[in-house]
Amino acid sequence: MSTSVQWIPEGTDRTSASAARAYDYLLGGSHHFEADRALGDQVLSVLPANVMARQNRDLLGRMVRHLTGAGVRQFIELGSGLPVMGHVHEIAGESGRACRVVYVDNEPATVGHAELLLRGVPGTAVVGADVRDPAAVLRADATRELIDFTEPVALLMLGVTQFLHDEDDPWGLTARYRAALPAGSHLALSCFTWDNDPQTMRKTVEMFRSSGRTPIVPRTGDEVRRLIGDFELLDPGLVYAPRWRPDATSGSETDRSNLYAALARKQ
């Protein structure tokens, strides 16, 4: 773990695992504690979560670079976790254009960490809100200050939907977010799926349940397509994450995954 304490808010409970810090551990980062590593190792016992984490982060990079190349300068990331290891503002900054990024997470420890990590970084903000409350996200002071909803916005929902259960109505929630976006905006998705390896996903769901944690909810391809609604699905369509516009470091068009990926545009 990093010897720096500049990302650790005063009073942080280091004995309780954080999903965001466990994800950083799976990525090979340095922003995690022993409890987070234990959670990551528990997930690794049933799922190649480190591979999936890297696939998801590489996908984020490819999508953000595509979006900045298409002229998008505003980003809202739901369930963002820690803004480290090549996150949105860093990737968008490669374009040389002034971009604005709002990170959204509902875990208080993650929000506190992120606020310290982003201190002094222009064009960024963190909103502590539940993604199941679109009004709280979209009407937050930081969102209203940074995001101009008369211009295109990229809404990033990468690795979020598995935490939304059917009773949360992820399709209705996503529709409310889509409706708030102006023409020319984009919706970026990555979603856990049953379709590639259902046995492994069943073991993962059971592991979360037996450990007392809220089970994740993988989705079928048809269920993921419903999240896109009437947005235009861009090439190559809904595909396994490594197959979404692969580059030299992301695998190949034949690689499979337990993650689906899609990027769609509002006409």
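Refer to the structure printed above.
The rules behind each value
- Residues numbered from 1 in each chain as written.
- Predicted model: local features only at pLDDT ≥ 70, side-chain atom pairs only at ≥ 80, totals over all residues.
- Heavy atoms only, no water.
- Core = buried A, V, L, I, M, F, W, Y, C linked by side-chain atoms within 4.5 Å.
- Buried < 20%, exposed > 50% of the residue type's maximum accessible area, 1.4 Å probe, protein only.
- Helix = DSSP H or I, 4+ residues; strand = E, 2+ residues; numbered from the N terminus.
- Contact = heavy atoms within 4.5 Å.
- Phe/Tyr/Trp six-rings, centres within 6.5 Å; stacked < 30°, edge-to-face > 60°.
- Lys NZ or Arg CZ within 6 Å of the ring centre and 35° of its normal.

Enquirer: Before we go on, may I ask you to explain the nonpolar core in this structure?
Expert: One recurring pattern in soluble globular proteins is that nonpolar side chains are buried together. If you look at the biggest cluster of nonpolar residues, it comprises 43 residues, and the most contacted ones within it are Met63, Val64, Phe75, Val88 and Leu156. The biggest single contributor to this core is helix H3 (residues 49–69), with eight residues. Beyond its immediate sequence surroundings of up to four residues, Val88 is in contact with Leu60, Val64, Phe75, Glu77, Val101, Tyr103 and Leu156. Of all hydrophobic cores here, the second largest spans 35 residues; its members include Val131, Leu138, Leu146 and Leu238.

Enquirer: So what exactly am I meant to see when it comes to the packing of aromatic side chains here?
Expert: Aromatic ring pairs are described here by two measures, namely the spacing of the ring centres and the angle between the planes. What the rule picks out here adds up to two aromatic pairs. Measuring from centroid to centroid gives 5.3 Å for Trp7 and Phe33, while their planes differ by 20 degrees, and the two rings are stacked. In this pair, Trp7 sits in the segment before helix H1 (19–27) while Phe33 sits in the loop between H1 and helix H2 (34–44), placing the two residues 26 residues apart along the sequence. No difference in accessibility class separates Trp7 from Phe33, as the two residues are buried. Between the aromatic rings of Tyr240 and Tyr260, the centroid separation amounts to 5.1 Å while the plane-to-plane angle is 5 degrees, which identifies the pairing as stacked. Residue Tyr240 is found in strand E7 (residues 239–240), and its partner Tyr260 is found in strand E8 (residues 259–265); the two are separated by 20 residues along the sequence. A single burial state applies to Tyr240 and to Tyr260, both of which are buried. Just above the ring of Trp171 sits the side chain of Arg226; from NZ or CZ to the centre is 4.1 Å.

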